[in-house]
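Here is what each chain is made of, one letter per residue.
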Amino acid sequence: MNLWNETKSVPVSREMIWAAYKKVKANKGSAGVDEISMEEFDADRSKHLYKLWNRMASGSYFPPPVKEVEIPKKDGKVRKLGVPTIADRIGQMAIKDYLEARFEKIFSSNSYGYRPNRNAHQALEQVRNNCRKTDWVIDLDIKGFFDNIDHGRLLLAVEKHVSENWCLFYIKRWLNASVQKKSGELVQKQGKGTPQGGVISPLLANLFLHYAMDKWLELKHPEVKFVRYADDAILHCRSKTHAEQTLNAIGERMKECGLELHPGKTKIVYCKDYRRQEKHENVKFDFLGYSFQPRTAKSRKTGKLFLGYDCAISISSKKRIADKMEELNIVGLTHKSIVGVAQFLNPYIRGWVNYYGKFRCNSYGLFSWLNFVVVIAARN
């Protein structure tokens, strides 16, 4: 590293590359189109980092194609993720780190996804609070958001806050990077889309939706409370009529921005509980792996049961955990002792409990089954 010469035309320093490398390594992740894994990258780390820094600092870096991988979705379809090479992820991380602080200054307090010091539990807590105060919800789903971000509109937003030409041309290069399909075919971008899986994509997506949704809602519909986590958003309205009017308005707004609300997934929901007794076809919505719906609760003051409106782990989340348990083949584990089984399973269980146990936990049956199969594994 100390041999690197920093007299370059672009102010990408070796410290920026090194800091970005450490973050990318901590995040782990698979190889891109070059098939270089993190272990292989580390085996010749100095050469790889020097090459990346030398090209980025001279303005001559062009990203390789993004590797497309398919992730199964709960509805049976697949979500296509774009996996950059490790070196490209480091380059993206360096620019993301350089720009993030200035974007954070303008982002809405109602936006929680992929932002420093913000997380899904905070978003869920805010939705819980809003549901107690407001009767109606719009469960908003943007159809193919990451695939349909318009480059022209996005770059207008970027240029509003980024004056450095070297940042702009790297962002444009990443936006225009081709995609390598599973067949090996290279597909060129057609002026829209940023790959899910790219390091800088969430930051750019947040900037796009800051102007397309957050700021628009705050200026045009200040009475609407909302919570957004990346491209998932929950809007809270005071009446059914208000919700219908707001949904129509935001549908038009999305069209103006080159986006479309998913007709099958976007819906108006009534937060029914012991106080709110109107009839409506939808009284449940899912958000960030939790289901919000009418639930029996116990009064802290009187100890009596009443119908509240709260969240707990969703059915689809339970199914994903059950599928993962089956994939792990717990009964067939060949560890020499129960301690070995525990050490293998603990990271998974800790992650599930830490996330889904934050609020009302109703996964007793799921983990009872886990206890049962662990006992069987211990006896084998």
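Basis of the calculations
- Residues numbered from 1 in each chain as written.
- Predicted model: local features only at pLDDT ≥ 70, side-chain atom pairs only at ≥ 80, totals over all residues.
- Heavy atoms only, no water.
- 1 Å grid on protein atoms, 1.4 Å probe; cavity = no way out; pocket = protein on both sides within 12 Å on 5 of 7 lines; lining within 4 Å.
- Points joined across faces, edges and corners; volume = space filled by probe spheres on them.
- Helix = DSSP H or I, 4+ residues; strand = E, 2+ residues; numbered from the N terminus.
- Nonpolar A, V, L, I, M, F, W, Y, C, P; charged D, E, K, R; others polar.
- Phe/Tyr/Trp six-rings, centres within 6.5 Å; stacked < 30°, edge-to-face > 60°.
- Core = buried A, V, L, I, M, F, W, Y, C linked by side-chain atoms within 4.5 Å.
- Buried < 20%, exposed > 50% of the residue type's maximum accessible area, 1.4 Å probe, protein only.
- Polar contact = N/O pair within 3.5 Å; in protein donor to acceptor, adjacent residues only side chain to side chain.
- Contact = heavy atoms within 4.5 Å.
- Expected span 1.5 Å × (residues − 1).
- Pairing = 2+ DSSP bridges.
- Axes fitted to C-alpha atoms, helices over the stretch in contact; angles between N-to-C directions.
- Parallel < 35°, antiparallel > 145°, perpendicular 65-115°, else oblique.
- Left-handed = near helix turned anticlockwise from the far one by under 90°.

### Quick notes on the layout of surface pockets
Item 1. Empty space within the second largest pocket amounts to approximately 440 Å³.
Item 2. Taken together, 16 residues form the lining of the second largest pocket, with Arg-132, Ala-297, Lys-298, Phe-306 and Asp-310 sitting closest to its centre.
Item 3. Going through the elements one at a time, helix 5 (120-133), strand 10 (290-298) and strand 11 (305-313) are the ones with two or more residues in the lining of the second largest pocket.
Item 4. Among the elements that line the lining of the second largest pocket, the one with the most residues is strand 11, at 4 residues.
Item 5. Tallied by class, the residues present in the lining of the second largest pocket amount to 4 nonpolar, 2 polar and 10 charged.

### Considerations on the packing of aromatic side chains
Item 1. Under the counting rule described, the total for this entry stands at 20 aromatic pairs.
Item 2. Taking 6.3 Å as the distance between ring centres and 20° as the angle between the ring planes, the aromatic pair formed by Tyr-21 and Phe-41 counts as stacked. Within this pair, whereas Tyr-21 is found in helix 1 (residues 14-27), its partner Phe-41 is found in helix 2 (residues 38-43), the two being separated by 20 residues in sequence.
Item 3. These aromatic residues form a ring-pair network of at least three members: Tyr-61, Phe-169, Tyr-170 and Trp-174.

### Here's the deal with the nonpolar core
Item 1. In terms of nonpolar packing, the biggest core is built from 67 residues, with Ile-90 and Ile-250 touching the most fellow members.
Item 2. Ranked by residues supplied to this core, first place goes to helix 9 (residues 201-220) with 10 residues.

### A short note on the side chain of His-236
Item 1. With respect to the element layout, His-236 can be found in strand 7 (residues 232-237).
Item 2. A polar contact is formed between the side chain of His-236 and the side chain of Asn-130, at a distance of 3.5 Å.
Item 3. Residues in contact with His-236, not counting those within four places in the same chain, are Val-127, Asn-130, Cys-131, Thr-134, Trp-136, Val-137, Val-224, Lys-225 and Phe-226.

### Comments concerning the environment of Asp-42
Item 1. Within the fold, Asp-42 resides in helix 2.
Item 2. Exposure remark for Asp-42: the relative accessible area of 24% places this residue in the partly exposed category.
Item 3. As a C-alpha pair, Asp-42 and Lys-25 span 17 residues in sequence and 9.2 Å in three-dimensional space.
Item 4. Setting aside its immediate chain neighbours within four residues, Asp-42 contacts Tyr-21 and Lys-25.

### Topic: helix 11 (residues 315-328)
Item 1. For helix 11, built from 14 residues, the straight-helix expectation of 20 Å at 1.5 Å per residue is met to within 8% by its first-to-last C-alpha distance of 20 Å.
Item 2. Backbone geometry just downstream of helix 11 places Asn-329 in the positive-phi region, at approximately 50°.

### Concerning empty space enclosed by the protein
Item 1. Tallied over the full model, the rule gives 1 cavity of 30 Å³ or more.
Item 2. Looking at the largest cavity, its volume works out to about 70 Å³.
Item 3. In this structure, the largest cavity is lined by Val-66, Pro-84, Gln-92, Trp-174, Leu-175, Ala-177, Thr-194, Pro-195, Gly-198, Ile-200, Ser-201 and Leu-204.
Item 4. Elements represented by at least two residues in the lining of the largest cavity include exactly helix 8 (165-176) and helix 9.
Item 5. Classifying every residue of the lining of the largest cavity gives 8 nonpolar, 4 polar and no charged.

### Side note on the sheet that holds strand 1 (residues 66-72)
Item 1. Read from one edge of the open sheet, 4 strands run 2-1-4-5, paired in mixed fashion. Each edge of the open sheet carries a strand with a single partner, namely strand 2 (78-83) and strand 5 (186-187).
Item 2. Pairing between strand 1 and strand 2: 6 bridges, direction antiparallel. What sits directly across from Lys-67, in strand 2, is Val-83.

### Quick notes on the packing of helix 1 against helix 3 (residues 45-58)
Item 1. Remark: helix 1 packs on helix 3, axes separated minimally by 10 Å, with the N-to-C direction vectors making an angle of 130°. Of the possible angle classes, the one that applies to helix 1 and helix 3 is oblique. Relative to helix 3, helix 1 is oriented so that their crossing is right-handed. Between helix 1, through Arg-14, Ile-17, Trp-18 and Tyr-21, and helix 3, the contact on the second element is made entirely by Arg-45, Leu-49, Leu-52, Trp-53 and Met-56.
Item 2. Looking at the contact of helix 1 with helix 3 residue by residue, the class counts come to 7 nonpolar, no polar and 2 charged.

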